[in-house]
Amino acid sequence: MLRSSFARAALAAAALCASFAAAAQDKVLNLYSARHYQTDEALYTDFTKATGIKINRVDADDAGLLARLRSEGASSPADVILLVDAARIIMADADGLFQPVKSSVLASRIPAQLRGKDDGQGSQWFGFSTRARVVVFNKATVKRDDVDTYEELADPKNKGKVCTRSGSHPYNLSLFGSMYEHLGAQKTEAWLKGVVDNMARAPKGGDTDQIKAVASGECGIALTNSYYLARLMRSEKPEDKAVVEKIEVVFPNQQSWGTHVNIAGGALAKHAKNREAGVKFLEYLSTNSAQAYFANGNNEYPVVPGVKVANPALDAMGAFKAELIPISVVGLNSIRVQQILDRVGYK
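These numbers come from a predicted model, not from an experiment.

(A) How the structure looks around the overall build of the chain. The helix and strand tally for the chain stands at 14 helices and ten strands. For the chain, the C-alpha atoms occupy an extent of roughly 95 × 45 × 35 Å along the three principal directions. A buried classification covers 49% of the 347 residues belonging to the chain. Summarising the internal contacts of the chain: among those between residues at least 6 apart in sequence, 77% fall at separations of at least 24. Distance between charge centroids for the chain: 4 Å, based on 42 positive and 37 negative side chains.

Okay, here's the thing in structure tokens:
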């Protein structure tokens, strides 16, 4: 009986060790994501099916994720960080929260202006989708020719017509950082002062709220990211269809530098414990299937040239000329422009 008990104990110990060994060999990726889109679930599922790598995900907004990374330091479990704005990506890069990735796949598929500078060790971050910062206008009260450039948002002819969300929101900061590069500091400040003078009401709400305000007549002109408009265009709700009927969209500055685009991007965390899995995931996001999903599932534009899109809303909005300023430059300018906002009273 004693030998039998020892045998059973030995077998149990062996089984326990085997289970620990198997667990240690499990492929895992710890993902910190600011992409709060339910449609992304298919992306993660497809990656796991293709690679066998399980994704453990932490969801929060950009600011929350970056604060968590800073507080965790070297003990952070994060392997990959996904963020949805250029300014926050550049800020995180400047804070040393990323590590470079040298990947021939990413270097060949992601355009240079949509990834971090490579000093020989690889890029610190990569853009995987873009959103255009477009102008929507009430087609009953505003003429397209009066809003086909960003500069015209500050023109006195549009006084009392402009609605925006907070000037300090990253989506607006990104646009303002772009204008800073095109116009210089002095002219950008004058432009922002003109936009404030033309406002129909104080900034409030999100981009969808601005679109609805244009449709209701509360204002005549608004800024929005393209994917918010595409969501309304694809909606089957009668109230959303009614909004879309009353508005039109314009891609600004088609005759000059092109429409501003912001990015959603990713990076390998500085203290990534599962580096190989992290690089595989970043490379996966550049595949044609993942790129098409960004477009068809979440109404974003692919960054990889030649990817076919099957999105009726994006098709209806049409092709456009995008600006080519490096996102890294836009992000740095976004930080500089915040002091200007205070001076011109852009809340």
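What follows continues from the structure just given.
(B) Representation of the nonpolar core within the structure. One finds Leu83, Phe98 and Phe281 to be the most contacted residues of the largest nonpolar core, which totals 48 residues. Top contributing element to this core by residue count: helix H11 (residues 275–284), with five residues. Grouped together as the second largest cluster of nonpolar side chains are 29 residues, Val84, Val214, Val243 and Val249 included.

(C) Up close: helix H7 (residues 185–197). Counted at 1.5 Å a residue, the expected span for H7 with its 13 residues is 18 Å, and the 18 Å between its end C-alpha atoms agrees. All of the buried residues in H7 are Thr188, Trp191, Leu192, Gly194, Val195 and Val196. Tucked inside the fold, the buried residues of H7 contact strand S6 (162–163), helix H6 (170–183) and helix H14 (327–344).

(D) The environment of threonine 164, seen in detail. With respect to the secondary-structure elements, threonine 164 resides in the loop between S6 and H6. The class for threonine 164 is buried, based on a relative accessible area of 2%. In this structure, the C-alpha to C-alpha distance between threonine 164 and leucine 285, residues 121 residues apart in sequence, is 31 Å. When sequence neighbours within four positions are dropped, the list of residues in contact with threonine 164 reads Asn172, Met199, Arg201, Pro203, Lys204, Gln210, Leu223 and Tyr346.

(E) Representation of the pattern of salt bridges. Scanning the entire structure with this criterion turns up 18 salt bridges. Residue glutamate 300 pairs with arginine 35 through a salt bridge whose shortest N-O separation is 2.7 Å. Placement of glutamate 300 in the loop between helix H12 (288–298) and strand S10 (301–302) and of arginine 35 in the loop between strand S1 (28–33) and helix H2 (41–51) is noted, with a sequence separation of 265 residues between them. Of the two residues, glutamate 300 and arginine 35, neither departs from the other in class, the shared state being buried. Between glutamate 300 and arginine 131 there is a salt bridge, with the nearest N and O atoms lying 3.1 Å from each other. Note that glutamate 300 is positioned in the loop between H12 and S10 and arginine 131 in strand S5 (residues 126–138), a separation of 169 residues in sequence. Neither glutamate 300 nor arginine 131 differs from the other in exposure class; each is buried. One network of salt bridges, in which partners are shared, links Arg35, Asp40, Arg131 and Glu300.

(F) Summary view of helix H3 (residues 62–72). Looking at H3, one finds that the buried residues are Asp62, Leu65, Leu66, Leu69 and Glu72. For H3, the angular spread of buried residues about the axis comes to 130°, placing them on one side. In this structure, the buried residues of H3 make contact with S1, strand S2 (54–59), strand S3 (80–83) and helix H4 (86–94). Positioned one or two residues after H3, glycine 73 has a phi angle of 60°, which is positive.

(G) Main features of the side chain of asparagine 299. With respect to the element layout, asparagine 299 can be found in the loop between H12 and S10. Among the polar contacts made by the side chain of asparagine 299, one reaches the side chain of arginine 234 at a distance of 2.8 Å. If we ignore the near neighbours within four places in the chain, the residues touching asparagine 299 are Tyr227, Ala230, Arg231, Arg234, Phe294, Asn311 and Leu314.

(H) View of the packing of H3 against H4. Packing of H3 against H4 brings their axes to within 11 Å, and their N-to-C directions diverge by 10°. Taken together, the axis directions place H3 and H4 in an arrangement best described as roughly parallel. Residues Asp62, Ala63, Leu66 and Arg70 of H3 lie in contact with H4, whose contacting residues are Arg88, Met91 and Ala92. Residue composition of the contact of H3 with H4, by class: four nonpolar, no polar and three charged.

(I) Spotlight on the environment of phenylalanine 126. Looking at the secondary structure, you find phenylalanine 126 in strand S5. Given a relative accessible area of 2%, phenylalanine 126 falls into the buried group. When the C-alpha positions of phenylalanine 126 and lysine 49 are compared, they lie 23 Å apart, and in sequence the two are 77 residues distant. For phenylalanine 126, the residues in contact, after removing those within four places along its chain, are Val101, Leu106, Ile110, Leu114, Arg115, Ala264, Gly265 and Gly266.

(J) How the structure looks around the confidence of the model for the chain. On average, residues of the chain carry a pLDDT of 91, and 93% of them reach 70 or more. Long-range and interchain partners of residues 1–25, a stretch whose pLDDT sits below 50, account for zero contacts in this model, where long-range means more than four residues apart.

Thresholds, definitions, all that
Residues numbered from 1 in each chain as written. Predicted model: local features only at pLDDT ≥ 70, side-chain atom pairs only at ≥ 80, totals over all residues. Heavy atoms only, no water. Helix = DSSP H or I, 4+ residues; strand = E, 2+ residues; numbered from the N terminus. Buried < 20%, exposed > 50% of the residue type's maximum accessible area, 1.4 Å probe, protein only. Contact = heavy atoms within 4.5 Å. Lys, Arg positive; Asp, Glu negative; His and termini not counted. Charge placed at Lys NZ, Arg CZ, Asp CG, Glu CD. Core = buried A, V, L, I, M, F, W, Y, C linked by side-chain atoms within 4.5 Å. Expected span 1.5 Å × (residues − 1). Salt bridge = Lys/Arg side-chain N within 4 Å of Asp/Glu carboxyl O. Arc of directions from axis to C-beta. Polar contact = N/O pair within 3.5 Å; in protein donor to acceptor, adjacent residues only side chain to side chain. Axes fitted to C-alpha atoms, helices over the stretch in contact; angles between N-to-C directions. Parallel < 35°, antiparallel > 145°, perpendicular 65-115°, else oblique. Nonpolar A, V, L, I, M, F, W, Y, C, P; charged D, E, K, R; others polar. pLDDT = per-residue confidence, 0-100.

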